[in-house]
Number of protein chains: 2
Amino acid sequence: MRAATYQGPGEITVEDVPKPEVESPEDAVIRVTHTAVCGSDLWFYRGESDREEGSRVGHEPMGIVEEVGDDVTSVEPGDRVLAPFAISCGECEFCRKGLYTSCVKDESWSGENGGGQGEYVKCPHADGTLVRVPDRYADDEDTLESLLPLTDVMGTGHHAAVSAGVGEGDTAVVIGDGAVGLCGVLAAQRLGAERVIAMGHHEERLELAEEFGATDTIAARGDEAIERARELTHGGANHVMECVGAASAMDTAIAIARPGGTVGYVGVPYGVTEEGLDVFTMFSDNITLNGGVAPVRAYAEELMDDVLQGTLDPSPIFTKTVGLDDIDEGYRAMDEREAIKVLVKP
Amino acid sequence: MRAATYQGPGEITVEDVPKPEVESPEDAVIRVTHTAVCGSDLWFYRGESDREEGSRVGHEPMGIVEEVGDDVTSVEPGDRVLAPFAISCGECEFCRKGLYTSCVKDESWSGENGGGQGEYVKCPHADGTLVRVPDRYADDEDTLESLLPLTDVMGTGHHAAVSAGVGEGDTAVVIGDGAVGLCGVLAAQRLGAERVIAMGHHEERLELAEEFGATDTIAARGDEAIERARELTHGGANHVMECVGAASAMDTAIAIARPGGTVGYVGVPYGVTEEGLDVFTMFSDNITLNGGVAPVRAYAEELMDDVLQGTLDPSPIFTKTVGLDDIDEGYRAMDEREAIKVLVKP
């Protein structure tokens, strides 16, 4: 089969690799019909994180179940499924309490599972991981493209909103106008926020934020952005969603939070250890820091319900679509910020 | 009147200073009968934080109201009162939601209010700040000594427990065997924790922790302490109370937290900015960081109820009592860890 592989910074090639097969009775093999390039894929693409050369990449697969192991009961061949970026057994303490990203099995899509950007993937712990799309919607292309973000960014934006404690009538500030930030705007308005203030650097992405429900936008950086957000919230927001994953964005989030408020963060906090976190402001203002890597499996059903009912549609974040053979062009477009998020159809 | 003043690192002297007087209609002047030396007083005593030479010190006063301004309605001359370390108006947004430490008036005991370690203090915003001790208990020395910690350390230990989300049947780890940590043990068991694991370095303080309700103690540092705590909690605690206020203690707290758990912290996080916080572990394990400077005014009534009923008694933390003229000896004893906390009777 064909699969995208990492060959070093800036270099993604599509190679012939062994097709994964069912090995354990809990496995399922999926023919991937839709997948995506993730902002987090850019870390190794840019050489900012280490990755083994030749390794298969991707972690947001959707497709058709081709084969299942003997113990798999929740899906069968022919079913349309999507899979969260984190594999989960569904049975351990952490899966049972909804913290699927802390599953004790600690499996990932990479390695011999085949990556998520290829023709097939093997899903270990299929019953604990896969989300079945109801048959009625299983071949509706528009619906599938709206569901695909549930594998990662929509669940992650939702986790930011949940972690920030966003609820009915609240005012939330969303930092970041990437795919996660935009999904965060959708999530905040979906949870009933009265005001959603989107902060970013790209006019056209902030326009999409407005389409997604942002009531205000701030196109500024650093102190100017902080000042504007504090002005709009009359002194700081009780709910701040950090959807960038950078030390500067975390500092901005803390500076924008109202005393007693909560920062919900979902981006890997690159640079924070080096530069330090403004713990003194957090301390004196009793600001809570909540969140982490999003257990998107926990949110899949409720978000899918809304997508299927037509009340939630994150698909506009896919501003470019490529075939598997052109996936390098997808990486390039995201790296150069030409595309918000790239849909890949193997 | 006589009042303790800071004269430079290691030097506290008692000087004749002007007695404070009611100036605003919201003021009260209190004759101080009981006060204390705080662990946070040691920062300037040790030269670790800046403080103006000649400034009056202290922030945990209890005493008898001597005079009140025209607008004060909650207390009158002759009343026994205690005052939290933070002055609060009781009327602003933050006071109304219980976050008294973020009061917009931003007043403190130092300066012309007279400090808390002297014969008299002036309390601005008396109605929003002072806690009246019921007459029946107003002259009972044992009760007063049990109530005095509500001005700071008992409320702070309670804030750590509340911030860490400690509830009935929980297991909590309390890091720190100083006055705040010991009060944290009392608070955790009071909130219904089934297991309270106290961690510290001093055998006799850990014995007091056991008297206060600790079910287990860990007398170790660094990796050994972390390993032992993870062992006792079968992989990490859902509720960790950081009652030290140091980068190393914060790191220990994060390392001990179970995935999805909460660290409640109440100590000024000295050193954290320089050394950085382990945000990566927090991120991958979805560990919440909650807490900050304790709004002890919010907790005064409920804690006082328990003290007056005899079900809560933090007074054993006072292992030394001095008169005002010997307060320098109190500072020395706390600095050298001879005393857990020093009671001062002006």
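The structure presented is a predicted model; accordingly, all values stated were derived computationally and were not measured. (Residues numbered from 1 in each chain as written. Chains lettered and ligands numbered in written order. Predicted model: local features only at pLDDT ≥ 70, side-chain atom pairs only at ≥ 80, totals over all residues. Heavy atoms only, no water.)

Caption draft 1: View of the UniProt feature "domain: Alcohol dehydrogenase-like N-terminal" (unreviewed entry) in chain A. The sites that UniProt annotates as "domain: Alcohol dehydrogenase-like N-terminal" (unreviewed entry) are residues 25-135 of chain A. As annotated, residues 25-135 of chain A has a helix share of 12% and a strand share of 23%, and its two end C-alpha atoms lie 24 Å apart. (UniProt positions renumbered as here; feature names shortened; annotations may be inferred. Helix = DSSP H or I, 4+ residues; strand = E, 2+ residues; numbered from the N terminus.)

Caption draft 2: How the structure looks around helix H13 (residues 327-335) of chain A. Residues and elements named next belong to chain A. Where H13 is concerned, the buried positions are Ile327, Gly330, Tyr331, Ala333 and Met334. The buried residues of H13 occupy one face: seen down the axis, they fall within an arc of 165°. The secondary structure elements touched by the buried residues of H13 are strand S1 (2-6), strand S2 (12-16), strand S3 (28-37), helix H1 (41-45), strand S14 (318-323) and strand S15 (341-345). Note on H13: the residue one or two positions beyond its end, Arg337, has a positive phi of about 60°. (Buried < 20%, exposed > 50% of the residue type's maximum accessible area, 1.4 Å probe, protein only. Arc of directions from axis to C-beta. Contact = heavy atoms within 4.5 Å.)

Caption draft 3: A look at the pattern of salt bridges. All names here are of chain A. Evaluated as defined, the whole model comprises 44 salt bridges over all chains. Between Asp216 and Arg195 there is a salt bridge, with its nearest N and O atoms 3.4 Å apart. Residue Asp216 is located in strand S10 (residues 216-219), and its partner Arg195 is located in strand S9 (residues 195-200); the two are separated by 21 residues in the primary sequence. The buried category is assigned to Asp216, whose relative accessible area is 17%. Looking at Arg195, the relative accessible area reads 24%, which means it is partly exposed. Beyond isolated ion pairs, a larger network of salt bridges with shared partners links Lys320, Glu329, Arg332, Glu336 and Glu338. (Salt bridge = Lys/Arg side-chain N within 4 Å of Asp/Glu carboxyl O.)

Caption draft 4: Structural detail: the relation of the copies chain A and chain B. Overlay of chain A on chain B (RMSD 0.0 Å): rotation 180°, translation along the axis 0.0 Å. The transformation relating the two chain copies, once decomposed into turn and shift, fits a two-fold axis. (Least-squares fit on C-alpha atoms with pLDDT ≥ 70 in both.)

Caption draft 5: View of the pairing of strand S8 (residues 171-175) of chain A. Residues and elements named next belong to chain A. Of all 5 residues in S8, 4 are buried, a share of seventy percent or more. At this point the chain moves from S8, through helix H6 (residues 179-190), to the parallel S9, and the crossover so formed is right-handed. Examined bridge by bridge, S8 and strand S11 (residues 237-242) share 4 bridges and lie parallel to one another. Residue pairing in the sheet places Ile175 in a bridge with Glu242 of S11. (Right-handed = clockwise from strand over helix to strand, strands pointing away. Pairing = 2+ DSSP bridges.)

Caption draft 6: Inspection of a negative patch on the surface at higher detail. All names here are of chain A. A cluster of acidic side chains, namely Glu26, Asp70, Asp71, Glu91 and Asp127, defines a negative patch on the protein surface. Mapped onto the secondary structure, Glu91 falls in the loop between strand S5 (80-82) and helix H2 (93-96). Residue Glu91 is classed as exposed on the basis of its relative accessible area, which comes to 57%. (Patch = residues over 30% accessible without salt bridge, like charges linked within 9 Å, V, L, I, M, F, W, Y side chains within 5 Å. Areas by Shrake-Rupley, 256 points an atom, 1.4 Å probe, with all protein chains shown as cover. Lys, Arg positive; Asp, Glu negative; His and termini not counted. Charge placed at Lys NZ, Arg CZ, Asp CG, Glu CD.)

Caption draft 7: The nonpolar core, seen in detail. By size, the foremost hydrophobic cluster in this structure holds 66 residues, and its most contacted members are Ile256(A), Leu277(A), Leu289(A), Ile256(B), Leu277(B) and Leu289(B). Counting 48 residues, the second largest nonpolar core, distinct from the first, contains Val133(B), Tyr137(B), Leu147(B) and Ala209(B). (Core = buried A, V, L, I, M, F, W, Y, C linked by side-chain atoms within 4.5 Å.)

Caption draft 8: Quick peek at the interface of chain A and chain B. Of the residues lining the interface, 36 residues belong to chain A; the matching set on chain B comes to 36 residues. If you sort the residues of chain A by the area they bury against chain B, Phe280(A), Phe283(A) and Asn286(A) come out on top, with a joint share of 23%. For the pair chain A and chain B, the interface holds 2 salt bridges. Where Glu93(B) meets Arg258(A), a salt bridge forms, and the shortest distance between an N and an O atom there is 2.6 Å. Along the contact surface separating chain A from chain B lie 18 residue pairs in polar contact (both at pLDDT 80 or more). For the side of chain A that touches chain B, the elements supplying multiple residues, two or more each, are H2, strand S12 (257-265), helix H10 (272-275), helix H11 (279-284) and strand S13 (288-291) of chain A. Sort the elements by how many residues they give to the side of chain A that touches chain B and H11(A) lands first, with 5 residues. (Buried area = accessible area lost by both parts, 1.4 Å probe. Polar contact = N/O pair within 3.5 Å; in protein donor to acceptor, adjacent residues only side chain to side chain.)

Caption draft 9: The arrangement of the side chain of Thr233(A) in detail. All names here are of chain A. Mapped onto the secondary structure, Thr233 falls in the loop between helix H8 (222-232) and S11. A polar contact is formed between the side chain of Thr233 and the backbone nitrogen of Gly236, at a distance of 2.9 Å. Not counting residues up to four positions away in its chain, the partners in contact with Thr233 are Thr171, Val173, Ile197 and Arg258.

Caption draft 10: Spatial organisation of helix H5 (residues 153-163) of chain A. Residue and element names in this part refer to chain A. Most of H5 sits inside the fold, with 10 of its 11 residues counted as buried. Of all the residues in H5, the buried ones are Val153, Met154, Gly155, Thr156, Gly157, His158, His159, Ala160, Ala161 and Ser163. Those residues of H5 hidden inside the fold are in contact with H6, S11, S12, S13, helix H12 (300-309) and S15. A positive backbone phi angle near 75° is found at Gly165, which sits one or two residues after H5.

Caption draft 11: Representation of the packing of H5(A) against H6(A). All names here are of chain A. Across the interface, H5 lies against H6 with an axial gap of 7 Å and an inter-helix angle of 55°. With respect to their mutual orientation, H5 and H6 come out oblique. Considering only the axes of H5 and H6, their crossing is right-handed. Two secondary-structure elements touch here, H5 through Val153, Met154, Thr156, Gly157, His158 and Ala161 and H6 through Ala179, Val180, Cys183, Gly184, Leu186, Ala187, Ala188 and Arg190. When grouped by side-chain class, the residues that make up the contact of H5 with H6 number 9 nonpolar, 4 polar and 1 charged. (Axes fitted to C-alpha atoms, helices over the stretch in contact; angles between N-to-C directions. Parallel < 35°, antiparallel > 145°, perpendicular 65-115°, else oblique. Left-handed = near helix turned anticlockwise from the far one by under 90°. Nonpolar A, V, L, I, M, F, W, Y, C, P; charged D, E, K, R; others polar.)

Caption draft 12: Just the packing of aromatic side chains, in detail. For the structure on display, the rule yields 8 aromatic pairs over all chains. Residues Phe283(A) and Tyr265(B) carry aromatic rings whose centres are separated by 6.1 Å and whose planes lie at 50° to one another, so their mutual orientation is tilted. Of the two residues, Phe283(A) sits in helix H11 while Tyr265(B) sits in strand S12 (residues 257-265), which places them in two different chains. Here Phe283(A) falls in the buried class, since its relative accessible area comes to 8%. Ring centres of Tyr45(B) and Tyr331(B) lie 5.2 Å apart, and the angle between their planes is 35°; on these two criteria the pair is classed as tilted. Here Tyr45(B) is found in helix H1 (residues 41-45), whereas its partner Tyr331(B) is found in helix H13 (residues 327-335), with 286 residues between them in sequence. Both residues of the pair, Tyr45(B) and Tyr331(B), belong to the buried class. (Phe/Tyr/Trp six-rings, centres within 6.5 Å; stacked < 30°, edge-to-face > 60°.)

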